[in-house]
Amino acid sequence: MAKSLKSSIPHVLLMLYLIAILFPFLFVIFSSFKQDNNEIALNPFGLPTTWEFNNYVEAWVNAKIGTYFWNSLYISVLSSACTIVLGAMFAFAVTRMRHRKWSLFLYSLILAGMLIPNNALMLPIYLLVRKMGILDTHLALIVPYVANAIPFTIIILAAFMRSLPGEIEEAAVMDGLRAPGIFAKIVIPLTVPAIVTVFIVNFLGNWNEFLLANYFLSTDKLRTLPVGMVQFRDQYQMNYAQMSAGIVYSVVPVLVIYAILQEKIIEGVTAGGVKG
């Protein structure tokens, strides 16, 4: 009896943790379909009396959530893709260099970039972006996003590439492939799980980023979803139903991407730590 009770404790804790995560999310979803603030106040945790799908239309069109949504999606995807391309090439080079001292030096130099807090770089990044003439453009976010994500990307991809069997690349060399061919035809296909993992992590960071987007973009049509949600709150501070609809818009893409790619994410996280 005591043994079965002890074994059930982790399951109970996991169930409580799951409830704690799902409860706020369900509250937001139900609130987004309610008529007004009175219904939310009188019945905060119950189902809507009538399902108001018009809240999503109003949030998407009138509050410009649609514009902010596509801006965030475009910036997040492009930044994450550029980070993968640059990080994969660097990781391949640093793990296959013949001179191990140079390889270690370059790898350590990249890791040193992670020691500097992002908040401490706000002013230098702003001055650099302004000097480049890209302030108040999407490039003002894409360039810093790529630069900030490069160290983490290289760490994950380099660890995964080191675990790949060297015999595969030796066979490719015997078949006449050079370094670019080995990278594109051998290493990249085998590194897909790690690439997917890094892409999702970088995408989430870019999607939720607020500070740079708030300070570097002043034109309303260029703003991203996190900044737009703040303005949405100021403009519709008494309409919590439409605010909830905007929150759902910001969460759904992340859930969809993770649901589709969850197997690759888990595989990428676990496989890189196993030495082949």
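Here the structure is a predicted model, which means the values were calculated and not measured. (Residues numbered from 1 in each chain as written. Predicted model: local features only at pLDDT ≥ 70, side-chain atom pairs only at ≥ 80, totals over all residues. Heavy atoms only, no water.)

### A look at the overall build of the chain
The secondary structure content of the chain amounts to 13 helices and 0 strands. Each helix and strand of the chain, placed in order from N terminus to C terminus, yields the pattern α-α-α-α-α-α-α-α-α-α-α-α-α. Taken over the C-alpha atoms alone, the chain extends approximately 70 × 70 × 35 Å along its principal axes. Counting the 276 residues in the chain, one finds 38% classified as buried. Within the chain, residue pairs in contact and separated by at least 24 positions form 72% of the contacts whose partners lie at least 6 positions apart. As presented, the chain carries roughly 16,400 Å² of accessible surface, and 70% of it is formed by carbon and sulfur atoms. For the chain, the centre of its 18 positive side-chain charges and the centre of its 14 negative side-chain charges are spaced 13 Å apart. (Helix = DSSP H or I, 4+ residues; strand = E, 2+ residues; numbered from the N terminus. Buried < 20%, exposed > 50% of the residue type's maximum accessible area, 1.4 Å probe, protein only. Contact = heavy atoms within 4.5 Å. Areas by Shrake-Rupley, 256 points an atom, 1.4 Å probe, with all protein chains shown as cover. Lys, Arg positive; Asp, Glu negative; His and termini not counted. Charge placed at Lys NZ, Arg CZ, Asp CG, Glu CD.)

### A closer look at the layout of surface pockets
Computed from the structure, the largest pocket encloses a volume of approximately 560 Å³. Forming the walls of the largest pocket are 21 residues, and the residues nearest its centre are Asn 118, Tyr 145, Ala 147, Asn 148 and Ala 149. Counting residues per element, the ones that place at least two in the lining of the largest pocket are α6 (122-132), α7 (139-162), α10 (192-208) and α11 (211-216). Residues that form the lining of the largest pocket fall into these classes: 13 nonpolar, 7 polar and 1 charged. (1 Å grid on protein atoms, 1.4 Å probe; cavity = no way out; pocket = protein on both sides within 12 Å on 5 of 7 lines; lining within 4 Å. Points joined across faces, edges and corners; volume = space filled by probe spheres on them. Nonpolar A, V, L, I, M, F, W, Y, C, P; charged D, E, K, R; others polar.)

### Quick look at the pattern of salt bridges
Within the structure shown, the criterion is met by 2 salt bridges. Note that Lys 64 and Asp 220 form a salt bridge whose closest N and O atoms lie 2.9 Å from each other. Of this pair, Lys 64 sits in the loop between α3 (54-61) and α4 (65-96) while Asp 220 sits in the loop between α11 and α12 (225-235), placing them 156 residues apart in sequence. Judged by relative accessible area, which is 41%, Lys 64 ranks as partly exposed. According to the relative accessible area criterion, Asp 220 is partly exposed, its value standing at 23%. Asp 220 is the partner of Arg 223 in a salt bridge, and the nearest nitrogen-oxygen pair spans 3.5 Å. Of the residues examined, Arg 223 reaches a relative accessible area of 16% and is grouped as buried. Look at the salt bridges and you will find they share partners, linking Lys 64, Asp 220 and Arg 223 into a network. (Salt bridge = Lys/Arg side-chain N within 4 Å of Asp/Glu carboxyl O.)

### What to know about a nonpolar patch on the surface
Judged by side-chain polarity, Ile 9, Val 12, Leu 13, Leu 16, Ile 19, Phe 23 and Phe 45 come together as a nonpolar surface patch covering roughly 710 Å² of accessible area. Owing to a relative accessible area of 55%, Phe 45 belongs among the exposed residues under this scheme. (Patch = residues over 30% accessible without salt bridge, like charges linked within 9 Å, V, L, I, M, F, W, Y side chains within 5 Å.)

### Brief notes about the packing of α4 against α10
At a minimum axis distance of 9 Å, the contact between α4 and α10 shows a crossing angle of 140 degrees. Between α4 and α10, the interaxial angle falls into the category oblique. For the pair α4 and α10, the sense of crossing is right-handed. Contacts between α4 and α10 involve Phe 69, Ser 72, Leu 73, Ser 76, Val 77, Ser 79, Ser 80, Ala 81, Thr 83 and Ile 84 from the former and Ile 195, Val 198, Phe 199, Asn 202, Phe 203, Asn 206 and Trp 207 from the latter. The residue makeup of the contact of α4 with α10, split by class, is 10 nonpolar, 7 polar and no charged. (Axes fitted to C-alpha atoms, helices over the stretch in contact; angles between N-to-C directions. Parallel < 35°, antiparallel > 145°, perpendicular 65-115°, else oblique. Left-handed = near helix turned anticlockwise from the far one by under 90°.)

### Observations concerning the nonpolar core
Membership of the largest hydrophobic core comes to 38 residues, with the highest contact counts inside it found for Leu 141, Leu 157, Met 161 and Phe 216. Secondary structure elements with two or more residues in this core: α4, α5 (100-112), α6, α7, α9 (179-190), α10 and α11. Broken down by element, this core gets its largest block of residues, 11 residues, from α7. Residues contacting Leu 157, with those up to four places away along its chain left out, are Ile 84, Gly 87, Ala 88, Ala 91, Thr 191, Ala 194, Ile 195 and Val 198. In terms of nonpolar packing, the next biggest core, distinct from the first, is built from 15 residues, Tyr 56, Ala 59, Trp 207 and Tyr 249 among them. (Core = buried A, V, L, I, M, F, W, Y, C linked by side-chain atoms within 4.5 Å.)

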